[in-house]
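# Results of the structural survey
Chain residues, written in single-letter form:
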Amino acid sequence: MDMENSSLVTEFILVGLTKYSEIQLPLFFLFLGIYIVTVAGNVGLVTLIGLNSHLHTPMYYFLFNLSFIDLCYSSVITPKLLVNFVSEPNTISYAACMTQLFFYCFFVSAECYVLTVMAYDRYVAICKPLLYTVTMSPQVCSLLAVIVYVGAFIGAWAHTGCMLRLTFCDANTINHYMCDILPLLELSCTSTHVNELVVLIVVGFDVGVPSLTIIVSYTFILASILRIRSTEGRSKAFSTCSSHIIVVSVFFGSGAFMYLHPSSVLSMDQGKVSTVFYTIVVPMLNPLIYSFRNKEVKVALKKRLSRKIFS
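Residues numbered from 1 in each chain as written. Predicted model: local features only at pLDDT ≥ 70, side-chain atom pairs only at ≥ 80, totals over all residues. Heavy atoms only, no water.

Looking up the protein in an unreviewed UniProt entry gives the name Olfactory receptor, with the organism given as Mustela putorius furo. The annotation that UniProt attaches to the protein under Sequence similarities (unreviewed entry) is "Belongs to the G-protein coupled receptor 1 family." In UniProt, the protein has this text filed under Subcellular location (unreviewed entry): "Cell membrane". (UniProt positions renumbered as here; feature names shortened; annotations may be inferred.)

Let's shift gears to the pattern of salt bridges. In the structure shown here, the tally under the stated rule is 1 salt bridge. Between Asp 121 and Arg 122 there is a salt bridge, with its nearest N and O atoms 2.9 Å apart. In this structure Asp 121 comes out as buried when scored by relative accessible area, which is 2%. Given a relative accessible area of 10%, Arg 122 falls into the buried group. (Salt bridge = Lys/Arg side-chain N within 4 Å of Asp/Glu carboxyl O. Buried < 20%, exposed > 50% of the residue type's maximum accessible area, 1.4 Å probe, protein only.)

What follows deals with the state of the cysteines. Considering all chains together, one arrives at 2 disulfides under this definition. Here Cys 97 pairs with Cys 179 through a disulfide, and the sulfurs are 2.0 Å apart. An S-S torsion of about -125° defines the bridge between Cys 97 and Cys 179 as left-handed. Placement of Cys 97 in helix α3 (residues 94-127) and of Cys 179 in the loop between β3 (173-174) and α6 (181-187) is noted, with a sequence separation of 82 residues between them. Note on Cys 97: relative accessible area 0%, which makes it buried. On the accessibility criterion, Cys 179 (1% relative accessible area) is buried. If you count the bonded cysteines of the protein from the N-terminus, they pair up as 1-3, 2-4. (Disulfide = S-S within 2.5 Å. Helix = DSSP H or I, 4+ residues; strand = E, 2+ residues; numbered from the N terminus.)

Put into structure tokens, the structure is as follows:
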């Protein structure tokens, strides 16, 4: 499909995160620091899992994918945001905008599904430990990973394909720091009813089905943990789930707050703040929460560092 034929607008202007010039530079350094931590944390975790054979288990396989997704979709958003803080005008071409929209939707959907698969993995590990090796075999893990990325692709193409059908006439100022769905719909000079329906269906599915699956998984997990007689055993089981619960709550909560509401309830400025959490903050938190609180990762990291120091 020729992107240019579906719109009279050849480029968009991004308003950015804030209009107050006096805080642009401090925000630039703040988000630059966050992005550096995000890249270092996720690249480090991906590398560590890849190099250590004892971490080649289903739990770390999905953590590997989560870190890869976080690294990618943070890189789709944050570099352009950083440029917007220090340059004017903040323009982005129509083709680049649609490309950013596609990959943003793709990686956000993939994150939803990976977090869901990780909840299922914890359910099998805690509730059905004797069947864990068979249930979460390498073939099953690979199949689940394929489902994650194929499902994300379908959702991303649904959003982007519908957006490409819209016409943008004169208005080209996006009240956001990126090419997100809702601010783009506000600029269209043609009907957006189909797009809004697709948003409700796809986002509702991406949030509703994973949320329900995670809730059901943790209901069974909690019941199993409460049946553990050992205090140490219960504590260990809770610790393996607490990190996942925190990330899921922040990610799904901010996503639902942004998209699953009538447009009159939430202003776009408030929506931008919500979007910051799951596009910028969550990818930074995930490697910190999941890995640096994990004893196996700490041990693997210490071994790698000691080898470099004494080699």
